[in-house]
Amino acid sequence: MQRHQLETCSQPCTVCGGSNVAVLATTSRSGNALRTVICQDCGMVWSDPFPHNPRSFYEDDYRVAYKGTFTPKPKHILRAGKVALSRRALLGKWIEKPVKMLDVGTGGGEFAYLMQTLGHDVSGIEPNKGYAEYSREEYGLKVQIGFIQDINQAPESFDLITIWHVLEHTENPHDVLTKLHSLLKSQGILVVEVPTIEATCQSPKSTFHEAHIFNFNLATLNKLAEKVGFTQVEHKVSADGANMTVFFRKNAINESAKAQQNFTIPGNADKIIKIVKNHTAIRHYLTLWPYQRFFNRMSKAINEKLATADFVSGKQLLDKLYT
Ligand SMILES: [Zn+2]
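Only a predicted model underlies this, so the values are computations on that prediction, with no experimental measurement involved.

Colleague: What exactly am I supposed to notice about unusual backbone geometry here?
Modeller: Negative phi values dominate among residues other than glycine, just as trans dominates among peptide bonds. In this structure, the amide linkage connecting D48 to the following residue, P49, adopts the cis form with an omega of 0 degrees. Here P49 lies in the loop between β3 (45-47) and α1 (54-67). In this model, E156 sits at a positive phi of 55 degrees, which is unusual for a non-glycine residue. Its location among the elements puts E156 in the loop between β6 (142-145) and β7 (158-164). For Q187, which is not glycine, the phi torsion reads 70 degrees and is therefore positive. Mapped onto the elements of the fold, Q187 is located in strand β8 (residues 184-195). Residue Q187 is classed as partly exposed on the basis of its relative accessible area, which comes to 44%.

Colleague: Would you mind going over the packing of helix α2 (residues 74-91) against helix α3 (residues 110-117) with me for this structure?
Modeller: Any two packed helices are characterised by the angle at which their axes cross and by the distance between the axes. The geometry of α2 relative to α3 is characterised by a closest axis approach of 8 Å and an angle of 55 degrees between their N-to-C directions. The angle between α2 and α3 places the two elements in the oblique class. Both α2 and α3 take part in a crossing whose hand is right-handed. Contact residues: H76, I77, A80, G81, A84, L85, R87, R88 and L91 in α2; E110, F111, L114 and M115 in α3. Residues that form the contact of α2 with α3 fall into these classes: eight nonpolar, two polar and three charged.

Colleague: What's the story with a nonpolar patch on the surface in this structure? I'm lost.
Modeller: Side chains of Y285, L288, Y291, F294, F295 and M298 sit close together on the surface and give an oily, nonpolar patch of about 690 Å² of accessible area. Note on placement: Y285 falls in helix α9 (residues 281-285).

Colleague: When you look at the coordination of the zinc ion in this model, what are you seeing that I'm missing?
Modeller: Put simply, a metal with four donors set out as a tetrahedron has ideal angles of 109.5 degrees, and one with six donors set out as an octahedron has ideal angles of 90 or 180 degrees. For the zinc ion, every protein donor is listed as C13 (SG), C16 (SG), C39 (SG) and C42 (SG), and the spread of their distances is 2.3 Å. Geometry at the zinc ion is tetrahedral, judged from its four donor atoms and the angles of 97 to 121 degrees they form at the metal. All donors to the zinc ion come from one chain, and their sequence spacing reads C-x2-C-x22-C-x2-C. No difference in accessibility class separates C13 from C16, as the two residues are buried.

Each value, and the rule that gives it
- Residues numbered from 1 in each chain as written.
- Predicted model: local features only at pLDDT ≥ 70, side-chain atom pairs only at ≥ 80, totals over all residues.
- Heavy atoms only, no water.
- Helix = DSSP H or I, 4+ residues; strand = E, 2+ residues; numbered from the N terminus.
- Buried < 20%, exposed > 50% of the residue type's maximum accessible area, 1.4 Å probe, protein only.
- Axes fitted to C-alpha atoms, helices over the stretch in contact; angles between N-to-C directions.
- Parallel < 35°, antiparallel > 145°, perpendicular 65-115°, else oblique.
- Left-handed = near helix turned anticlockwise from the far one by under 90°.
- Contact = heavy atoms within 4.5 Å.
- Nonpolar A, V, L, I, M, F, W, Y, C, P; charged D, E, K, R; others polar.
- Patch = residues over 30% accessible without salt bridge, like charges linked within 9 Å, V, L, I, M, F, W, Y side chains within 5 Å.
- Areas by Shrake-Rupley, 256 points an atom, 1.4 Å probe, with all protein chains shown as cover.
- Salt bridge = Lys/Arg side-chain N within 4 Å of Asp/Glu carboxyl O.
- Donors = N, O, S within 2.8 Å, 3.2 Å for Na, K, Ca; no water.
- Tetrahedral: all angles 85-135°; square planar, octahedral: opposite > 155°, others 65-115°.

Spelled out as structure tokens, the structure:
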């Protein structure tokens, strides 16, 4: 294995427990200083030190920083409604019969509402008060305001848990997965979707940003889930290579086996470093991705204007979209 310049880190690697890190980047996509390190023993990538307090950031500031609003605007509901339909399609065989499910990071409630209309028994948890309250009032959803660590649900409550684009934002993905493991029934299914650090469809300077504290590839996500007591049963990568959706089955945790296991991933750090270093602006603008992105964005904006012109309520918009 290649050894890169060793640096210090303020906390050990969440996957393998090691502290042999190299610095992968020093700026974020907004051009601010953001120190991103990679564990040389397993390839886990994280912002070190954390750029903000993850908890207070998500309680109130996140939606405002990201979208400039505390309740979803019509175009956001439409967008999220379309995403919800694609997520349901991704779930495929795992939702053939009605399930008792939890959606972590419910956001404006569009996906949870879709699943509820399809006959599933859905609960949600969302730290942002404005979004959580909106989803309860607008769609009649059961959504707790808060973080997953504070959820008021008994152990072994759910057949299925979905966590879409949340894990990369959390302060401790290991503890989040451990919590989800306890909430699932025996043999229950966990669906995790996160961006992959191997993606090259975005501009190279957009790879790292303050909101994504942890950056996974399939190997590190699988290893962390394995450590907590899950086995991967399926995985899908989006057409543009940006996101991975990974399906895990809950196993019983064998504490003595867990203590003996080695969670390093030989070669993974070198692989990721190579992908990130080779993803240069010149190469990126020689691909079709940036141009495709631009045209998609333009046509999306026009379609959204048309589709939300006669907006009455979120519920009416989604009911029309979902039928
Ligand atoms: Zn590691």
